[in-house]
Amino acid sequence: MLEAGRAFAVLVTMLWSAVPIAFVVLSSFKDNREIFVFPPALVFAPTLEHYSELFRQWPDFSRTLVNSLVVTLGATVLASVCSLLAGYVYARHRSGALAASAHFMVAIRLLPPIVVTLPLFPLADWLGLNDTYAILILLYAAFFVSLGTMILKATIDGIPEELDEAALIDGASTWQVVWRIVLPLAAGGLTAASAFVLIYAWNDYLFAFVFTTSRAKTAPLLLSEMMSSLTGVDWGVLFAAVTIQLVPVVAFVWAVQRWLVAGLTAGAVKG
């Protein structure tokens, strides 16, 4: 009975998550007249008209996808490197200052993004960083480095410290210990931390809306423009754009799901 209840809960959760995504993807291949028909038609003649119209009506869409890719990869790499180094320090060293800094990082992470965003805008404008890749990369990385650090700390806590000591005795430097010993063993946790940054940076709207206008505009901003078009919303074209924007992150999560689960559960069981 308990197993049946768990299976039912998992099924409901999967349907709750999958049905809206399936609706968007399928609708991108339907004629506009068929999109909101109830009950929805699961058998229909697919068309690629919305995809061709997307790049005709919104020629900037390709450029915004490239902007999203550059910003996402930059933020993921920066946050991953910083989280790995910080996680190693927190896992291998103990002090009151480190404990206080850990609490500070978690407290800052709990603040709403808008609280951090608005005070930074005048500073970014003064530094000439607005509407550049750099400001978005820095913000996304900074916003998730605390979570990444905690994930990596938990992962590295599970790596025997004797491995570090043996390598140091053999003449390895601390940097060599981190990159050649800790990094390969902490790959699962690093993947999990990277996934959070990647998903957030790829889908974020708020930071991109505040700090970009045209040159570094990302795909979510263009999607919002499609929804506020003066000529009305072309739902087929919008669903086609959403589908294209959705595919890379879904493919990434699907590819790394095994390491993602392992990284998220690292350090959960001790002894």
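## Some words on the overall build of the protein
Helix and strand content of the protein: 13 helices and 0 strands. Beginning at the N terminus, the succession of helices and strands in the protein can be written as α-α-α-α-α-α-α-α-α-α-α-α-α. Its C-alpha atoms put the protein at 70 × 60 × 30 Å along the principal axes. The buried share of the protein, taken over its 271 residues, is 35%. Put simply, of all contacts in the protein between residues at least 6 apart along the chain, 76% involve residues at least 24 apart. For the protein, the computed accessible surface area is about 15,500 Å², with 74% contributed by carbon and sulfur atoms.

## Considerations on the side chain of Ser80
As for its placement among the helices and strands, Ser80 is situated in helix 4 (residues 61–92). In this structure Ser80 comes out as buried when scored by relative accessible area, which is 12%.

## Side note on the packing of aromatic side chains
Centre-to-centre distance and the angle between the planes together describe a pair of aromatic rings. Enumeration according to the criterion identifies 14 aromatic pairs in this entry. Taken together, a centroid distance of 5.7 Å and an interplanar angle of 75° make the contact between Phe23 and Phe239 edge-to-face. Remark: Phe239 occurs in helix 13 (residues 235–264) and Phe23 occurs in helix 1 (residues 2–27); sequence separation between them is 216 residues. Looking at Phe23, the relative accessible area reads 32%, which means it is partly exposed. In this structure an aromatic cluster arises from ring pairing among Tyr140, Phe143, Phe144, Tyr200 and Phe207.

## As for the nonpolar core
In this structure, Ala75, Ile135, Leu136, Tyr140, Phe207 and Phe211 are the most contacted members of the largest nonpolar core, which totals 19 residues. Elements that contribute at least two residues to this core include exactly helix 4, helix 7 (133–157), helix 10 (187–203) and helix 11 (206–211). The greatest single-element share of this core, amounting to 8 residues, is contributed by helix 7. Beyond its immediate chain neighbours, meaning those up to four positions away, Ala75 contacts Ile137, Tyr140, Ala141, Val197 and Ala201. One finds Tyr88, Ala167, Ala192 and Ala193 within the second-largest nonpolar core, a separate group that totals 15 residues.

## Description of unusual backbone geometry
Despite not being glycine, Asp131 shows a phi value in the positive range, around 65°. Of note, Asp131 is situated in the loop between helix 6 (113–126) and helix 7. Judged by relative accessible area, which is 8%, Asp131 ranks as buried.

## Brief notes about helix 5 (residues 96–109)
With 14 residues, helix 5 should reach 20 Å at 1.5 Å per residue; the first-to-last C-alpha distance of 20 Å fits that figure. Within helix 5 the residues assigned to the buried category are Leu98, Ala102 and Met105. Relative to the axis of helix 5, the buried residues are bounded by an arc of 60° and lie together on one face. Counted as exposed and oriented over 90 degrees from the buried face of helix 5: Gly96, Ala97, His103 and Phe104.

## Focus on the layout of surface pockets
Here the second largest pocket defines a volume of roughly 200 Å³. Lining the second largest pocket we find Met105, Ile108, Arg109, Val116, Leu120, Ile135, Leu138, Leu139, Ala142, Phe143, Ser146 and Phe207. Listed by contribution, the elements that provide at least two residues to the lining of the second largest pocket are helix 5, helix 6 and helix 7. In terms of residues, the lining of the second largest pocket owes the most to one element, helix 7, which gives 6 residues. Its residues placed into classes, the lining of the second largest pocket shows 10 nonpolar, 1 polar and 1 charged.

## Let's talk about the confidence of the model for the protein
Put simply, the protein has an average pLDDT of 84, and 93% of its residues get 70 or more. Averaged over each element, pLDDT in the protein is lowest for helix 1 (78) and highest for helix 4 (93).

## Describing a nonpolar patch on the surface
Taken together, the side chains of Phe104, Ile108, Leu111, Ile114, Val115 and Leu118 present a nonpolar region at the surface, about 530 Å² in accessible area. Contributions of two or more residues to the nonpolar patch are made by helix 5 and helix 6. When residues of the nonpolar patch are assigned to their parent elements, the largest contribution, 3 residues, is made by helix 6. Inspection of the secondary structure puts Val115 in helix 6. Accessibility expressed as a relative area gives 44% for Val115, which makes it partly exposed.

What counts, and at which threshold
- Residues numbered from 1 in each chain as written.
- Predicted model: local features only at pLDDT ≥ 70, side-chain atom pairs only at ≥ 80, totals over all residues.
- Heavy atoms only, no water.
- Helix = DSSP H or I, 4+ residues; strand = E, 2+ residues; numbered from the N terminus.
- Buried < 20%, exposed > 50% of the residue type's maximum accessible area, 1.4 Å probe, protein only.
- Contact = heavy atoms within 4.5 Å.
- Areas by Shrake-Rupley, 256 points an atom, 1.4 Å probe, with all protein chains shown as cover.
- Phe/Tyr/Trp six-rings, centres within 6.5 Å; stacked < 30°, edge-to-face > 60°.
- Core = buried A, V, L, I, M, F, W, Y, C linked by side-chain atoms within 4.5 Å.
- Expected span 1.5 Å × (residues − 1).
- Arc of directions from axis to C-beta.
- 1 Å grid on protein atoms, 1.4 Å probe; cavity = no way out; pocket = protein on both sides within 12 Å on 5 of 7 lines; lining within 4 Å.
- Points joined across faces, edges and corners; volume = space filled by probe spheres on them.
- Nonpolar A, V, L, I, M, F, W, Y, C, P; charged D, E, K, R; others polar.
- pLDDT = per-residue confidence, 0-100.
- Patch = residues over 30% accessible without salt bridge, like charges linked within 9 Å, V, L, I, M, F, W, Y side chains within 5 Å.
- Salt bridge = Lys/Arg side-chain N within 4 Å of Asp/Glu carboxyl O.

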